[in-house]
Amino acid sequence: VWYFINGLLVAAPPIYLYHSVFGINVFDLYWLYAVVSLAAAVVLSQAHHNVSYWLRTRLHSNREGTVTAAMINSAYGKNNKQKVESVKSGQKKCTHSESASFAILYNNLFFLFIFFVIGFYLFP
């Protein structure tokens, strides 16, 4: 749902650009704008999910050995499995957040770049 909302927020502003720059009336073609914006939002949400999943698995495999039980035990002075699991869970949440943020940023910038190239240079 979060990816779809982000995709919709990125797919909607080009409607205003086409209206203001090219003078295309929004009310005459509202159904076309709605269909294209929803389709672009769905495609962007799938792209967000794919990039986030790819990056999350890649980062998780690289960071898996970063936090060890010996490190936690030496830092807190005793053998505590709950603390080890808590630190590993926090690391997993951080990795998930990083991958989702990167996916949203990367795909939104890529979409807008491609939109401007196609909209203003290929189809003037």
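Novice: Talk me through helix H5 (residues 81-122); I want residue IDs and the actual numbers.
Specialist: Taking 1.5 Å per residue, 42 residues should reach 62 Å; H5 reaches 59 Å between its end C-alpha atoms and fits that length. Packed against the buried residues of H5 are helix H1 (2-11), helix H2 (13-22), helix H3 (30-63) and helix H4 (69-76).

Novice: An account of the pattern of salt bridges is needed here, citing residue identities and associated values.
Specialist: Throughout the structure, instances matching the rule amount to one salt bridge. Note that Arg63 is salt-bridged to Glu98, the shortest N-O span being 2.7 Å. Of this pair, Arg63 sits in helix H3 while Glu98 sits in helix H5; the two residues are 35 residues apart in sequence, bridging distant segments of the chain.

Novice: Which residues make up the confidence of the model for the chain, and what values do they have?
Specialist: Scored by pLDDT, the chain has a mean of 88; 99% of the residues are at 70 or more. Per-element averaging of pLDDT across the chain places H4 at the bottom with 74 and H3 at the top with 94.

Novice: So what about the environment of Tyr53? Which residues, and what values?
Specialist: Along the chain, Tyr53 turns up in helix H3. C-alpha separation for the pair Tyr53 and His96, spaced 43 residues apart in sequence, amounts to 8.7 Å.

Novice: Pulling in residues and values, what's your account of the side chain of Thr95?
Specialist: Structurally, Thr95 is set in helix H5. Separated by 3.0 Å, the side chains of Thr95 and Arg63 make a polar contact. Here Thr95 is in contact with Arg56, Leu59, His60 and Arg63, once residues within four sequence places are set aside.

Novice: Can you lay out the layout of surface pockets for me, pointing to particular residues and giving the numbers?
Specialist: Its boundaries defined by the atoms lining it, the largest pocket holds a volume of some 400 Å³. Pro14, Tyr18, Tyr33, Val36 and Phe115 are, among the 16 residues lining the largest pocket, the residues nearest its centre. If you list the elements that add at least two residues to the lining of the largest pocket, you get H2, H3 and H5. Here the lining of the largest pocket is built from residues that sort into 14 nonpolar, two polar and no charged. In this structure, the second largest pocket encloses a volume near 170 Å³. Looking at the lining of the second largest pocket, the elements with two or more residues in it are H3 and H5. The element best represented in the lining of the second largest pocket is H5, accounting for six residues. Among the residues forming the lining of the second largest pocket, the class breakdown is no nonpolar, four polar and five charged.

Cut-offs and rules
- Residues numbered from 1 in each chain as written.
- Predicted model: local features only at pLDDT ≥ 70, side-chain atom pairs only at ≥ 80, totals over all residues.
- Heavy atoms only, no water.
- Helix = DSSP H or I, 4+ residues; strand = E, 2+ residues; numbered from the N terminus.
- Expected span 1.5 Å × (residues − 1).
- Contact = heavy atoms within 4.5 Å.
- Salt bridge = Lys/Arg side-chain N within 4 Å of Asp/Glu carboxyl O.
- pLDDT = per-residue confidence, 0-100.
- Polar contact = N/O pair within 3.5 Å; in protein donor to acceptor, adjacent residues only side chain to side chain.
- 1 Å grid on protein atoms, 1.4 Å probe; cavity = no way out; pocket = protein on both sides within 12 Å on 5 of 7 lines; lining within 4 Å.
- Points joined across faces, edges and corners; volume = space filled by probe spheres on them.
- Nonpolar A, V, L, I, M, F, W, Y, C, P; charged D, E, K, R; others polar.

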